[in-house]
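# Fold and contact review
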Amino acid sequence: MDLFEYQAKELFARHGVPVPRGRVASTPEEARAVAAELRTPTVIKAQVKTGGRGKAGGVRPAPGPASAEVEAARVLGMDIKGLTALTVLVEQATVPLEEYYAAYLVDRAGGAFIAIVSAEGGMDIEEVAATRPDALVTTPVDPAVGMDGRSARLLASRAGLPADVQDAVADVLVRLWRVLVEEDALLVEVNPLAVTPDGRVLALDGKVTLDDNAAFRHGHDAFAEVPAAHGAAGLEARAKARGLNYVKLDGEVGVIGNGAGLVMSTLDVVAYAGQSSGGARPANFLDIGGGASAQVMADALEIVLSDPDVRAVLVNVFGGITACDAVAHGIVSALGMLGEHGVRHPIVVRLDGNSAEAGRAVLHAAGHPLVRVVATMDAAAELAASLAAA
Amino acid sequence: MAIFLTKDSKVLVQGMTGAEGARHTARMLAAGTEIVAGVTPGKGGRSVDFGERALPVFGSVAEATAATGAEVSVVFVPPRFTRDAVEEAVDAGVALCVVITEGVPVHDTIRFVARARASGTTRIIGPNCPGLISPGQSSAGIIPADITTAGRIGLVSKSGTLTYQLMYELRDVGFSTAVGIGGDPVIGTTHIDALEAFQADPGTEAIVMIGEIGGDAEERAAAYIEEHVTKPVVAYVAGFTAPEGKTMGHAGAIVSGSAGTAQAKKEALEKVGVRVGKTPSETARLMRALLGGSGRGGV
Ligand SMILES: Nc1ncnc2c1ncn2[C@@H]1O[C@H](COP(=O)(O)OP(=O)(O)OP(=O)(O)O)[C@@H](O)[C@H]1O
Ligand SMILES: [Mg+2]
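None of these values were measured; they are calculated from a predicted model.

What counts and how
Residues numbered from 1 in each chain as written. Chains lettered and ligands numbered in written order. Predicted model: local features only at pLDDT ≥ 70, side-chain atom pairs only at ≥ 80, totals over all residues. Heavy atoms only, no water. UniProt positions renumbered as here; feature names shortened; annotations may be inferred. Helix = DSSP H or I, 4+ residues; strand = E, 2+ residues; numbered from the N terminus. Contact = heavy atoms within 4.5 Å. Pairing = 2+ DSSP bridges. Axes fitted to C-alpha atoms, helices over the stretch in contact; angles between N-to-C directions. Buried < 20%, exposed > 50% of the residue type's maximum accessible area, 1.4 Å probe, protein only. Polar contact = N/O pair within 3.5 Å; in protein donor to acceptor, adjacent residues only side chain to side chain.

With that settled, the discussion passes to the UniProt feature "binding site: substrate" (unreviewed entry) in chain B. Under the UniProt annotation, "binding site: substrate" (unreviewed entry) lies at Tyr164 of chain B. Looking at the secondary structure, you find Tyr164 of chain B in helix H5 (residues 160-169). Excluding its chain neighbours within four sequence positions, the residues that come into contact with Tyr164 of chain B are Phe318 and Gly320 of chain A together with Pro130, Ile142, Ile143, Pro144 and Ile147 of chain B.

Given below as structure tokens:
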């Protein structure tokens, strides 16, 4: 789960990482009230889960409460890289004398966390990374040892930070490591890490990704977004509530399969089939996982069929542990549960592997008018794509 | 021949007394695996019946290995206890620890992978993986044994069901070993580790590598193949149509910016002479063609 900047800063503050004073607001009036409370010049910052907000005009100075209200009205509802700013962070403005960069992230290749520090932080960090990678100092962190004061100071000095801020930066690096470990984060990034005129080091921005697998040992529920009731987010939220792994895409062929890799592959095969027949594309990713019980199949079909864009459905199951006849029984009783109203589009089913023949026989015997049974993945994708385009 | 697991491997199952553990222990036994013990803390001294065989349960991996000589452990332990279970296996000195559990916190994986590396004795496969199978010999994990046969292809994949799909499509040619390395961002055994082992295995003639979007493991594998692999390799990459920034089922399967795309992976592999199939069935056809049209051809 990615956090909003204001949530990241909440975690930072809990671990003693210095951040500007501020609060989140969802209306211009609220922004004005926060600015009035702060009694300092402020910046109004769009809360969207992406970088480059400054460059998109989503970070605006507001010297007082009146301008905070005006700027918040401008930023609220703003679209940044396809995301809408529903809230703004109103925080104390500081004059950054220097802007550094600090991050911890998972290095998949090394199977470990790495720390990255640079003296050249700020809004152009991507360009620095691309053109002068040497300006970024990277080091693996031994998970058994962590980031202690000494290694942190060494890192700050290797990154070429001035001697008089190295201790303060090292202290922040140690605290950010605690954020990473104690909150089970996969990414902790501060850009910029600013030096103020009075010599303090402050996290002016924060990006944190928490590991959903570790949710059981944290009270991070408060960070979860209230799921939208409508549209793509509504479908995704409903699927999640039923324990299904669903991602809405923008095509017309609903896809249901078992296993993440096979479903990803099915999306590709549908898209290829669509290229040669009518341009149909996959409408979603839906992995029902190992066991395909009648209830799971009914939930999956119900979610996919309630997507108004879907014109045909492809069920692609490879029976490994799960026997295909059990899956077929699941489909038949799912169709029964959903009834005539629930099932109005053709459903192409491909069963292969363990007990595939028996599974196909079950579907044939049931004789549902909208169900078509096809032997191979390629042929099934072709049929589903052409039915969706018809 | 095979890699990592043969008919002589003595296997113990951590979490054998749980429902999943028991179910899959029975299946592994049916696949020919020499399972010698189960381990569940606090349940030492019991035994579990599997038809004509009763397997002893030990309270710790150290006791189990001392009593049975097991050198492979398969872990079916819930996510919150997985790190402890794996570290116990590492400390007991097992040579191979196969972590089937899905949903293990990444911090925990990083810790036990680091511990295994430092041990110098334990290879970890997984977590969040189907395990591995050397058909006709042994199975450590949940890969179905009856969808394929023993043969001369080595297979390595992040995805379970795609592994099954390819094993099934190429069932007439057969496999030396199929390894599911798991779809998490941090895993113990990589594509490269498996490629290295297949290259060295006299029983493996050709290799199928299955990748998916996210990270740069396939690109690194391509570089490795160019340098070190002389056996023919055919690859498949899933996720050409995946949108940026969305996690596609596997926590590791996410495209960020232009990094991690299926297209980039395909190009990197083709550049070093690996033939990449557009679909699983095309991948199987490429492998057949490569092996000189043996088998039935074009399933
Ligand atoms: N509280 C503040 N006071 C003064 N300037 C600020 C403050 N917060 C941010 N800024 C300035 O605005 C710039 C952009 O803000 P910020 O880094 O938070 O968003 P961003 O552009 O989305 O960042 P990135 O592209 O790194 O993700 C910063 O580099 C900094 O110069
Ligand atoms: Mg920033």
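For the rest of this paragraph, the subject is the sheet that holds strand S9 (residues 138-141) of chain B. Read across the open sheet, the 7 strands follow the order S9-S8-S11-S10-S12-S13-S14 (chain B); overall the sheet is mixed. Both edges of this open sheet fall to S9 and strand S14 (275-277) of chain B, since each of them pairs with a single strand only. The mean angle between the axes of side-by-side strands here comes to 15°, regardless of whether they run parallel or antiparallel. Bridge analysis of strand S13 (residues 233-238) of chain B against S14 of chain B gives 3 bridges, and the strand direction is parallel. Directly across from Ala235 of chain B, in S14 of chain B, lies its bridge partner Val276 of chain B. Contacts from helix H8 (residues 260-276) of chain A reach strand S12 (206-212) and S13 of chain B, with the element oriented near 85° to S13 of chain B.

Residue and element names in this part refer to chain A. UniProt tags Asn191 and Asp205 as "binding site: Mg(2+)" (unreviewed entry). Positionally, Asn191 belongs in strand S10 (residues 185-195). For Asn191, a relative accessible area of 13% translates into the label buried. Residues within four places of Asn191 in sequence aside, it is in contact with Tyr100, Tyr101, Gly121, Gly122, Ile125 and Asp205. One polar contact links the side chain of Asn191 to the main-chain amide nitrogen of Gly122, over a distance of 2.6 Å. Relative to the assigned elements, Asp205 resides in the loop between strand S11 (201-203) and strand S12 (207-210). Not counting residues within four places of it along the chain, the set of residues in contact with Asp205 comprises Glu5, Lys9, Phe12, Lys45, Arg53, Glu189, Val190, Asn191 and Pro192.

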